[in-house]
Amino acid sequence: MSDCMIIDARDTYCPGPLMELITYMKQANVGDILELLSTDEGSGADVPEWVDKVGHEILSNEKIDGVWHIKIRKAK
Amino acid sequence: MPQKINIVCVTGTREKLQMAAMIASVGAAVGYDVTVFLSMNALQYFVKGFTEDAPSEGELGRLLSQEGVPPFKQLFQQAVELGDAKLLPCSMALDLMKITKAELDSEVGPPTGLTRFLSDAEDCQMFTF
């Protein structure tokens, strides 16, 4: 898997988007890039918090038209 | 050694089960060593084939039933599968309900007594719902 994988967790509430990200993260390989889409307001702060805590890398985090786009590289 | 979180679930209402499940799943995902002790009216939801919805305490509980809110059972399951959380049924409650571990969902661990639970829970964060 070399391209960015999109995880569409729009219209689910906390902690749905985070749990969905983690499910895919577990299956991904080190170096893979995943992009989480979320309409849950807290995701913009909460997901990077988890990413930092477990040691992956945030590549970008922006809200476009009410949807958080959070791009993460699996680091370990 | 990872920090431990202990959650005691005793109330069978939707808000409390949801909050407990959220803490369990996010805590386990972050890397905490999570243990959930299930007793009293919370245990019935983990009996195989039990399909009754947990009653709401108020408006928030009703809002939780809308689409897009992850059900508490799913969150507890993810806590076990993704973060190795332990769900431990209270042995006294099992006795009172006259059921055995075999009648509980597969993600539920071994029946546990209070002495064991309290000694495992020493010096750690404890949440009670």
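Small disclaimer: the values here were computed from a predicted structure and weren't measured. (Residues numbered from 1 in each chain as written. Chains lettered and ligands numbered in written order. Predicted model: local features only at pLDDT ≥ 70, side-chain atom pairs only at ≥ 80, totals over all residues. Heavy atoms only, no water.)

(A) Structural view of the overall build of chain B. Each helix and strand in chain B was counted, giving 5 helices and 4 strands. Its C-alpha radius of gyration of 14 Å places chain B within 12% of the 14 Å reference for a compact globule of 129 residues. Principal axes of the C-alpha set define a box for chain B whose edges measure 40 × 35 × 25 Å. Counting the 129 residues in chain B, one finds 50% classified as buried. Relative to all contacts within chain B whose residues are 6 or more apart in sequence, the contacts with residues 24 or more apart total 77%. Charge separation in chain B, taken as the distance between the mean sites of 10 positive and 16 negative side-chain charges, equals 4 Å. (Helix = DSSP H or I, 4+ residues; strand = E, 2+ residues; numbered from the N terminus. Rg over C-alpha atoms; globule rule 2.2 N^0.38 Å. Buried < 20%, exposed > 50% of the residue type's maximum accessible area, 1.4 Å probe, protein only. Contact = heavy atoms within 4.5 Å. Lys, Arg positive; Asp, Glu negative; His and termini not counted. Charge placed at Lys NZ, Arg CZ, Asp CG, Glu CD.)

(B) Just the packing of aromatic side chains, in detail. All names here are of chain B. By the definition in use, this model includes 4 aromatic pairs over all chains. Their ring planes at 90° and their centres at 5.3 Å tell us that Tyr 45 and Phe 50 sit as a pair that is edge-to-face. Exposure remark for Phe 50: the relative accessible area of 26% places this residue in the partly exposed category. Among the aromatic residues, those joined into a cluster by ring pairs are Tyr 45, Phe 50 and Phe 72. Positioned above the aromatic ring of Phe 46, the side-chain terminus of Lys 73 is 5.3 Å from the ring centre. (Phe/Tyr/Trp six-rings, centres within 6.5 Å; stacked < 30°, edge-to-face > 60°. Lys NZ or Arg CZ within 6 Å of the ring centre and 35° of its normal.)

(C) Layout of the pairing of strand E4 (residues 67-73) of chain A. Residue and element names in this part refer to chain A. The element E4 is largely enclosed, with a buried count of 5 among its 7 residues. As defined by bridge partners, strand E3 (residues 57-64) adjoins E4 across 7 bridges and the pair is classed as antiparallel. Bridging from a neighbouring strand, Glu 62 pairs with His 69 of E4. Once E3 ends, the chain turns through 2 residues before running back antiparallel as E4, passing Asp 65 with a positive phi of about 50°. (Pairing = 2+ DSSP bridges.)

(D) Representation of the nonpolar core. Counting 60 residues, the largest nonpolar core has A:Val47, A:Trp50, B:Ile7, B:Cys9, B:Val34, B:Val36 and B:Phe76 as its most contacted members. The leading source of residues in this core is helix H1 (residues 14-30) of chain B, at 9 residues. Setting aside residues up to four positions removed in sequence, B:Cys9 forms contacts with B:Ala20, B:Val36, B:Phe37, B:Leu38, B:Ser39, B:Ala42, B:Phe76 and B:Phe129. (Core = buried A, V, L, I, M, F, W, Y, C linked by side-chain atoms within 4.5 Å.)

(E) Structural context of the environment of A:His56. Residues and elements named next belong to chain A. Tracing the sequence through the fold places His 56 in the loop between helix H2 (43-54) and E3. It is 6.2 Å that separates the C-alpha atoms of His 56 and Arg 73, two residues lying 17 residues apart in sequence. If sequence neighbours within four positions are ignored, His 56 has contacts with Met 25, Trp 50, Val 51, Ile 72, Arg 73, Lys 74, Ala 75 and Lys 76. At 3.1 Å, the side chain of His 56 forms a polar contact with the backbone nitrogen of Ala 75. (Polar contact = N/O pair within 3.5 Å; in protein donor to acceptor, adjacent residues only side chain to side chain.)

(F) Main features of the pattern of salt bridges. Residue and element names in this part refer to chain B. Here the structure, examined in full by the defined rule, presents 9 salt bridges over all chains. Across the pair Arg 62 and Glu 59 runs a salt bridge, and its minimum N-O distance is 3.3 Å. Taken together, the residues Arg 62 and Glu 59, both in helix H2 (residues 59-63) and 3 residues apart, mark about one turn of the helix. In this structure, Asp 105 engages Lys 73 in a salt bridge whose closest nitrogen and oxygen atoms are separated by 2.7 Å. With Asp 105 in the loop between helix H4 (91-97) and helix H5 (114-120) and Lys 73 in helix H3 (residues 72-83), this residue pair connects regions lying 32 residues apart in the sequence. Classification of Lys 73 as partly exposed rests on a relative accessible area of 24%. (Salt bridge = Lys/Arg side-chain N within 4 Å of Asp/Glu carboxyl O.)

(G) Seen up close, the pairing of strand E2 (residues 33-38) of chain B. Residue and element names in this part refer to chain B. Within E2, 5 of the 6 residues are buried, which leaves the element mostly enclosed by the surrounding structure. As paired strands, strand E1 (residues 4-9) and E2 are joined by 6 bridges and run parallel to one another. Note that in E2 the partner of Lys 4 across the bridge is Asp 33. By the bridge criterion, 4 bridges tie E2 to strand E3 (residues 86-89) in an arrangement that is parallel. The residue bridging Thr 35 from the neighbouring strand is Lys 86, located in E3.

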